[in-house]
Amino acid sequence: MIELRSFLQGQWKTGAGRKATLVNPTNGEPVAETSTEGLDLVAALRHARDVGGPALGAMTFAERGEVLKRMSKALHEVRDQLIEASILNGGTTRSDAKFDIDGATGTLAYYAGLGKRLGDVRYLVEGEGEQLTRSPRWWARHVRVPLRGVAVHVNAFNFPAWGLAEKAAVALLAGMPVVSKPATSTALLAYRVMERLVEADVLPPGALSLVCGSTGDMLEHLGREDVLAFTGSGSTGTLLRGLRNVVGRSVRVNVEADSLNAAVLCEDVEPGDEVFQMFVRDTAREITQKAGQKCTATRRIFVPPALIDSVQQALVEELAQVKVGDPSLDEVRMGPLATRQQLEDVQAGIRRLLDAGSRRVTEDEPRLHGASRDGGFFVMPTLLRADSPRDAVAVHEHEVFGPVATLMPYGTAEEAVDLVALGEGGLVSSVYGSDADRLRTMVLGLAAHSGRVLIGSKKVADQATAPGMVLPSCVHGGPGRAGGGEELGGERGLAFYTQRTALQGDRPLLDKILG
Ligand code: NAP
């Protein structure tokens, strides 16, 4: 049994007392255990603020970028070991593990490049400034300086490597030290990531700490210059942003939560054409990649009535090709869900959608490769169909966090937007078609309800990234149910970790001060 430790105050520390057990989701067997009982997590926050903050604050963006570059390289060097940890404790296929791990190293490398571009400065100046009165000397500039506190990152179980790295990359580049907490159930991979970063000695002192297990009362000690970035369920997000000290001390909070992402096929698409094929390929991938345990996975599929039977047939055929089973086998394309709790939640979620007016159109017969249903947490790719989308209320309000999506008809472009909006705010919507007039109504309508809109059209059918792929250069987050947060987006992501301040003064003097 592997014993996970936490990396606090520059040292590995082992918790005492009752330990949480991490299992292999393919067979349910225990693989690791961890506890934070007895660890002084409040002292860890202080250490980050007092040691990590000044160390990062003394560095320029270019120097912090160098740190991120070394982190990315150090992790890439042990890619195979990280993949093994992901398969063992996350139940991911090799391809799903790479999605997480390469996403982590890629995001670190992207922000390393941004640091290089921002150069040898320690603060950001926005725009040329503004004249404030008739006098051309009385001037204002807006600057961004790093907050002096600590950034606490609480992550979901589904991306232990990317979740840690994407948040840390932005905070460290901005100049804030990080205390990162992976979800306990799949923390082995995050632990291996941290082990490697410590071993490679690439981090400034106090810049990054890792909490493997419960946060205890740590979050109740966040103060006015600290920030909290959370990814997970809407209910935990609501709880954390409502903490007394968080509200009372105006601790900045970013929440990335649930999302009923939608894919919409336009009327101008013909069965079998390249956009149709792209739509089917993307949608099947979104249902099955990481066994549907992606915040950006497609949950609702909207198709014109004339195309719905062709889409159903194509998706059922595509999903039938997906071999499910032991994720360490080369031929297996979808592994188990990450935990027993996940299995129970997904099974209950499917029942809820069926009770609310959907029917199953894929087979439920388990055909597992190299694994058995006893012990393993398997659910087959599941396509449901609801012919009266407005009556199937649960489809628009309950996120089944597994390989499950519901196919529904829509009439006009305006109706498609209204149906997507029933999800009350999502991370990503995708629209497939090539007619600009039709797309304009759809895309601009969907933009109000989505953090990102992907347009799949003829000319990019063979080169577009999938809707579920989060890229560091584009914002990640969404309104309403999705948490109302925003991460990444290149330089935009730095805003969360910095204070924007208006400097008013004599224009030449301001120019001299800012260099
Ligand atoms: P979760 O149960 O809310 O847990 C998320 C994180 O919060 C875990 O690290 C968990 O730690 C921690 N946590 C739970 N209760 C806490 C408390 N009282 N105090 C401090 N920390 C606490 O969510 P999950 O099951 O891991 O993730 C699934 C959900 O996340 C899905 O609904 C999905 O939509 C959402 N998600 C959203 C995004 C996005 O980017 N928007 C990405 C991925 C997932 P423990 O594990 O130690 O309990």
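What you see is a predicted model, and the numbers here were worked out from it, not measured in a lab. (Residues numbered from 1 in each chain as written. Predicted model: local features only at pLDDT ≥ 70, side-chain atom pairs only at ≥ 80, totals over all residues. Heavy atoms only, no water.)

A.B. asks: Give me the pattern of salt bridges: which residues, what numbers.
C.D. replies: Enumeration over the complete set of coordinates arrives at 28 salt bridges. Asp364 is paired through a salt bridge with Arg360; the nearest N and O atoms lie 3.6 Å apart. Asp364 sits in the partly exposed class, given a relative accessible area of 39%. A relative accessible area of 29% places Arg360 in the partly exposed class. Here Arg385 and Asp387 are joined by a salt bridge, their closest N and O atoms 2.8 Å apart. It is possible to trace a salt-bridge network through shared partners that takes in Lys73, Glu77, Arg196 and Glu199. (Salt bridge = Lys/Arg side-chain N within 4 Å of Asp/Glu carboxyl O. Buried < 20%, exposed > 50% of the residue type's maximum accessible area, 1.4 Å probe, protein only.)

A.B. asks: Give a detailed account of unusual backbone geometry, specifying residues and quantitative values.
C.D. replies: Although it is not a glycine, Gln9 sits at a positive phi angle of roughly 50°. Checked against the element boundaries, Gln9 lands in the loop between β2 (6-8) and β3 (11-13). The backbone of Leu488 shows a phi angle near 60°, a positive value even though the residue is not glycine. Tracing the chain through its elements places Leu488 in strand β23 (residues 487-488). (Helix = DSSP H or I, 4+ residues; strand = E, 2+ residues; numbered from the N terminus.)

A.B. asks: Pulling in residues and values, what's your account of the site of the ligand?
C.D. replies: Looking at the ligand, there are 26 residues lining it, with Asn155, Lys181, Thr184, Ser233 and Thr236 nearest. One of the side-chain nitrogen or oxygen atoms of Ser233 is found 2.6 Å away from an oxygen atom of the ligand. One of the side-chain N or O atoms of Asp258 is found 2.9 Å from an oxygen atom in the ligand. Of all the secondary structure elements, the ones that give two or more residues to the shell around the ligand are β11 (227-231) and α7 (234-241). It is α7 that contributes the most residues to the shell around the ligand, 3 residues altogether. (Near = heavy atom within 4 Å. Polar contact = N/O pair within 3.5 Å; in protein donor to acceptor, adjacent residues only side chain to side chain.)

A.B. asks: Tell me about the sheet that holds strand β5 (residues 29-34), and name the residues and values.
C.D. replies: Read from one edge of the open sheet, 3 strands run β1-β5-β4, paired in mixed fashion. Looking at which strands have only one partner, the edges of the open sheet turn out to be β1 (2-3) and β4 (20-24). Relative to β5, β1 runs parallel, the two being bridged by 2 bridges. Each residue of the ladder has a partner; that of Ile2, found in β5, is Ala32. Lying over the sheet, helix α3 (residues 79-90) contacts β4 and β5, oriented at roughly 105° with respect to β4. (Pairing = 2+ DSSP bridges. Contact = heavy atoms within 4.5 Å. Axes fitted to C-alpha atoms, helices over the stretch in contact; angles between N-to-C directions.)

A.B. asks: An account of the nonpolar core is needed here, citing residue identities and associated values.
C.D. replies: Counting residues in each nonpolar core, the largest one holds 64 residues, and the members touching the most others are Leu68, Met71, Leu208, Leu494 and Tyr497. Every element with two or more residues in this core is listed here: β5, α2 (61-77), α3, α4 (94-118), α5 (160-174), α6 (187-199), β10 (208-210) and β11. Broken down by element, this core gets its largest block of residues, 11 residues, from α5. Among the nonpolar cores identified, the runner-up in size contains 36 residues, and Phe302, Leu343, Leu353 and Ala416 belong to it. (Core = buried A, V, L, I, M, F, W, Y, C linked by side-chain atoms within 4.5 Å.)

A.B. asks: An account of the sheet that holds strand β7 (residues 138-146) is requested, with residue identities and associated values reported.
C.D. replies: With respect to topology, 3 strands assemble into an open sheet ordered β6-β7-β24, the strand pairing being antiparallel. Edge strands, defined here as strands with exactly one partner in the open sheet, are β6 (124-131) and β24 (498-506). The average angle at which neighbouring strand axes cross in this sheet is 20°, direction not considered. Where helix α15 (residues 507-514) meets the sheet, its contacts fall on β6, β7 and β24, and the angle it forms with β24 comes to roughly 140°.

A.B. asks: Before we move on, could you go through the packing of aromatic side chains and cite the residues and values that matter?
C.D. replies: Using the criterion set out here, one finds 8 aromatic pairs in the structure. Measuring from ring centre to ring centre gives 5.4 Å for Trp12 and Tyr191, while their planes differ by 70°; the resulting arrangement is edge-to-face. Here Trp12, found in strand β3, pairs with Tyr191, found in helix α6; they are 179 residues apart in sequence, far enough to count as distant. When the centroid spacing of 5.6 Å and the interplanar angle of 70° are considered together, the rings of Phe159 and Trp162 count as edge-to-face. Take Phe159: its relative accessible area is 9%, and that puts it in the buried class. Through successive ring pairs, a cluster of aromatic residues spans Phe7, Trp12 and Tyr191. Lying over the aromatic face of Phe61, Arg64 brings its terminal NZ or CZ to 4.9 Å of the ring centre. Above the ring of Phe159, the side-chain terminus of Lys290 is found at 4.2 Å from the ring centroid. (Phe/Tyr/Trp six-rings, centres within 6.5 Å; stacked < 30°, edge-to-face > 60°. Lys NZ or Arg CZ within 6 Å of the ring centre and 35° of its normal.)

A.B. asks: For helix α14 (residues 436-447), give the residues involved together with the corresponding values.
C.D. replies: Think of an α-helix as 3.6 residues a turn; residues three or four steps apart then line up on the same face. With 12 residues, α14 ought to run about 16 Å at 1.5 Å a step, and its terminal C-alpha atoms sit 15 Å apart, in line with that. Taken residue by residue, α14 has Leu439, Met442, Val443, Gly445 and Leu446 as its buried positions. One side of α14 carries all its buried residues, which in axial view fall inside an arc of 165°. Within α14, the exposed residues directed more than 90 degrees away from the buried face are Ala436, Asp437 and Leu444. Tucked inside the fold, the buried residues of α14 contact β13 (261-265), α13 (413-421), β20 (426-432) and β21 (450-456). Where α14 begins, one side-chain oxygen reaches toward the backbone nitrogen of Asp437, 3.0 Å away; that side chain belongs to Asp435. (Expected span 1.5 Å × (residues − 1). Arc of directions from axis to C-beta.)

These figures come from the coordinates and say nothing about function on their own.
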